[in-house]
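# Structural characterization, general
Residue-level listing of the chains:
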Amino acid sequence: MLSGDADDRAAPRSDESDAAPGGNDSRQVSTGLRPRRSRAFGLILVILAAAGGGAYGYTRLHQPEAKPKAAAPRPVPVTLGTVEQGAFALVSNGLGTVQAYNTVQVRTRVDGEIQQVAFREGQTVHKGDILVQVDPRPYQATLDQAKAKKEQDTANLNNAKADLVRYTGLGAYASRQQTETQTALVAQLTAQVASDQAAIDNATTQLGYATIRAPIDGVTGFRQVDIGNIVNSAGQTPIVTIAQVEPIFVVFTAPEDQLPAITAALRKGDVPVEAWSSDGLTKLADGKLALFNNQVDTATGTIRLKAVYENKTHALWPGLSVSTKMRVGIVADALTVPDNAIQHGPDGLFAFVVDDTDHAHQIALKAGRSDAGRTRILSGDLKPGARVITAGQYKVQDGSLVAAAQSSGAGQAGMPTRQVEAQR
């Protein structure tokens, strides 16, 4: 049995050995098919990848560009002011020139040599103060001569009167002719004595002219003569000019259409007129309107006015150019804005008003007079307390978002200390 079993076992082996060559062929066939399938599968993958890439590229190429998100508009930095309502002075602005209250050119009324100059240039003098002394000796001699002549004629007169008394006392013993002749002599000598007195008065006056005195209170100018100069009454060169500066005038002009308002204000009382520096920044003096000219200048359409000032501080000086502010009335309830808020456009005046959302809106308006940096609004959609732009309008349009500008100092003051130190 064992041998049978061995044979049986050997038989399959032989069969297997016979079938082995056929089995190797099938393995070779299956092995050759696998590479072909792998190459086909890879080719399919490449095609699919290329198709996917092309589709992606086409999609990306024809995809509409995404628009960037619009950035929020930045507010325009501006300076803001406020619309106010209250009392407003009606002020007429003008330009004027300071004029001395009185001006005197001091000249000599006698001839002679200057012996003394008793004033300093630019000195304040008073009426009667000695300015210049001309040599008085010739005029003193003339006065003495006139006095001597009067004494001589007075003695003759007294003698003639005594003779007339004697002739009259003789009565019938004196002839009528002698009496009448003596009476005529007395009258003649009386007239001569009166003439002598007139000569004395004239000589005294001439002697007084030798001492030149200030005719008014004022300030002296440049001296035109020196000690030792010969002056004469016929000369045209003044010794000095004196200008009275307390009080003092300012002559200025106003448009002719303001004349009714000025006249009405004068009827009610004094019309205040302030004098300011020519640039309008410094107030010099307070005065009042004294008068206006009796005719309007037809060439310029203006009228000349004169205001008077006490000028105790000498802030006003003759010849100085000033700007004037004449108040002709007061409006009790006026709407005003800062002067810089008023803008000029093609359609007239306007201002930018800022609403509660910090957006600017252009408002047309009509403006009136200006005073103390504010302008009266005659018409326009403005309300008290509204905010208006006073600086930075050139960057603003209707509807622009704005913000109040802060100074660099204020902004830096609000930084933390460490940040400020870091910047340093």
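Every residue gets a number counted from 1 within its own chain, in the order that chain's sequence is written. Since the coordinates come from a predicted model, pLDDT governs what is reported: local features require at least 70, and pairs of side-chain atoms require 80 or more to be given and counted, while whole-chain, interface and lining totals use all residues. The side-chain values count all of the structure's non-hydrogen atoms but skip hydrogen atoms and water molecules.

## Focus on the overall build of the protein chain
Selection criterion: By the criteria applied, helices consist of DSSP H or I runs no shorter than four residues and strands consist of E runs no shorter than two, each listed in order from the N terminus. Summary of the burial criterion: residues with accessible area below 20% of their type's maximum are buried, those above 50% are exposed, and those between are partly exposed, where the area comes from a 1.4 Å probe applied to protein chains only. Any two residues having at least one pair of non-hydrogen atoms within 4.5 Å are treated as being in contact. Under the convention used here, a 1.4 Å probe and the Shrake-Rupley method define accessible areas, while residue burial counts only the protein chains that appear.
Of the regular secondary structure elements, the protein chain holds 6 helices and 19 strands. Per-residue burial for the protein chain yields a buried fraction of 29% across its 424 residues. Across the protein chain, the fraction of contacts at a sequence separation of at least 24, relative to all contacts at a separation of at least 6, is 76%. Here the protein chain has roughly 27,600 Å² of accessible surface; of this, 53% comes from carbon and sulfur atoms.

## Considering the pattern of salt bridges
Operational definition: For this analysis, a salt bridge means a side-chain nitrogen from Lys or Arg found within 4 Å of a carboxyl oxygen belonging to Asp or Glu.
Scanning the entire structure with this criterion turns up 9 salt bridges. Two residues, Arg-137 and Asp-135, come together in a salt bridge whose shortest N-O distance is 3.0 Å. What makes Arg-137 exposed here is its relative accessible area of 59%. For Asp-135, a relative accessible area of 10% corresponds to the buried category. Asp-196 is the salt-bridge partner of Lys-149, the closest N and O atoms lying 3.9 Å from each other. With Lys-149 in helix H2 (residues 137-170) and Asp-196 in helix H3 (residues 176-209), the pair connects residues that are 47 residues apart, well separated along the chain. According to the relative accessible area criterion, Lys-149 is partly exposed, its value standing at 32%. Within the structure, one salt-bridge network assembled from shared partners comprises Lys-149, Asp-153 and Asp-196.

## Overview of a nonpolar patch on the surface
Spelled out, the test is: Patch members must show over 30% relative accessible area and no salt bridge, and they are joined within 9 Å when carrying like charges or within 5 Å when they are nonpolar side chains of Val, Leu, Ile, Met, Phe, Trp or Tyr.
Together, Ile-44, Leu-45 and Leu-48 give the surface a local cluster of nonpolar side chains, amounting to about 290 Å² of exposed area. Considering the arrangement of structural elements, one finds Leu-48 in helix H1 (residues 2-62).

## Quick look at the side chain of Ser-277
Considering the arrangement of structural elements, one finds Ser-277 in strand E10 (residues 272-277). When its relative accessible area of 15% is taken as the criterion, Ser-277 is described as buried. Discounting residues that sit within four places of it in the chain, Ser-277 has contacts with Thr-282, Leu-284 and Ser-323.

## Regarding the packing of aromatic side chains
Note the following rule: Between rings of Phe, Tyr and Trp, where Trp is taken as its six-membered ring, a pair exists when centres lie within 6.5 Å; planes separated by under 30 degrees are stacked, by over 60 edge-to-face, and by other angles tilted. Look at NZ for Lys and CZ for Arg. If either is within 6 Å of the ring centre and within 35 degrees of the ring normal, a charge sits over the ring.
Following the criterion strictly, the structure yields 2 aromatic pairs and no others. Their ring planes at 20° and their centres at 4.7 Å tell us that Tyr-101 and Phe-249 sit as a pair that is stacked. With Tyr-101 in strand E2 (residues 84-106) and Phe-249 in strand E9 (residues 240-255), this pair connects stretches of sequence that are 148 residues apart. Residue class for Tyr-101 comes out partly exposed when judged on its relative accessible area of 33%. Residues Phe-350 and Phe-352 carry aromatic rings whose centres are separated by 5.5 Å and whose planes lie at 85° to one another, so their mutual orientation is edge-to-face. A residue is classified by how much of its surface remains accessible, and Phe-352, at 4% relative accessible area, is buried. Over the ring of Phe-249 we find Lys-306, and its NZ or CZ is 4.5 Å from the ring centre.

## Quick notes on the environment of Val-78
When you line up the elements, Val-78 lands in strand E1 (residues 76-82). Residue class for Val-78 comes out buried when judged on its relative accessible area of 2%. Val-78 sits 325 residues away from Ala-403 along the chain, and the two C-alpha atoms are 6.1 Å apart. Contacts of Val-78, omitting those with residues within four sequence positions, involve Ile-389, Ala-391, Gly-392, Val-396, Val-402, Ala-403, Ala-404 and Ala-405.

## Thoughts on the environment of Asp-347
Note that Asp-347 resides in the loop between strand E14 (343-345) and strand E15 (348-354). For the pair Asp-347 and Ala-364, spaced 17 residues apart in sequence, the C-alpha to C-alpha distance is 8.3 Å.

## Structural notes on unusual backbone geometry
Glu-246 connects to Pro-247 through a cis peptide bond whose omega is -5°. Not every positive phi belongs to a glycine, and His-314 is a case in point at roughly 60°. Turning to its location among the elements, His-314 is positioned in the loop between strand E12 (302-309) and strand E13 (321-338). Positive phi is not limited to glycine here, since Asp-358 has a value of about 65°. Along the chain, Asp-358 turns up in the loop between E15 and strand E16 (360-371). Classification of Asp-358 as partly exposed rests on a relative accessible area of 30%.

## Points about the sheet that holds strand E5 (residues 130-134)
Just so we agree on the cut-off: Two strands are counted as paired when DSSP detects at least two bridges linking them.
Spatial strand order, E6-E5-E3-E8: 4 strands in an open sheet with antiparallel pairing. At either margin of the open sheet sits one strand with a lone partner, and together these are strand E6 (211-213) and strand E8 (230-231). Sheet topology places strand E3 (residues 112-117) next to E8; 2 bridges connect them, and they run antiparallel. Looking at E8, one finds that Glu-113 is bridged to Ile-230.

## Considerations on the confidence of the model for the protein chain
The predicted coordinates of low-pLDDT regions are not to be read in fine detail. What counts is decided by this rule: What pLDDT expresses is the predictor's confidence in each residue, scored from 0 to 100.
Across the protein chain, the average pLDDT comes to 83, with 79% of residues at 70 or higher. Every residue in residues 1-24 scores below 50 in pLDDT, and together they form 0 contacts with partners more than four places removed in sequence or on other chains. For the stretch residues 407-424, pLDDT sits under 50, and the model shows 5 contacts to residues farther than four places along the chain or on other chains.

## Structural notes on the pairing of strand E17 (residues 374-380)
In terms of strand pairing, E13 meets E17 through 3 bridges, oriented antiparallel. Bridge pairing in E17 links Thr-336 to Arg-376. Relative to E17, E16 runs antiparallel, the two being bridged by 5 bridges. Its bridge partner being in E17, Asp-371 is matched across the sheet by Arg-374. Between E16 and the antiparallel strand that follows it, E17, lie 2 residues; Ala-372 among them carries a positive phi value of about 55°.

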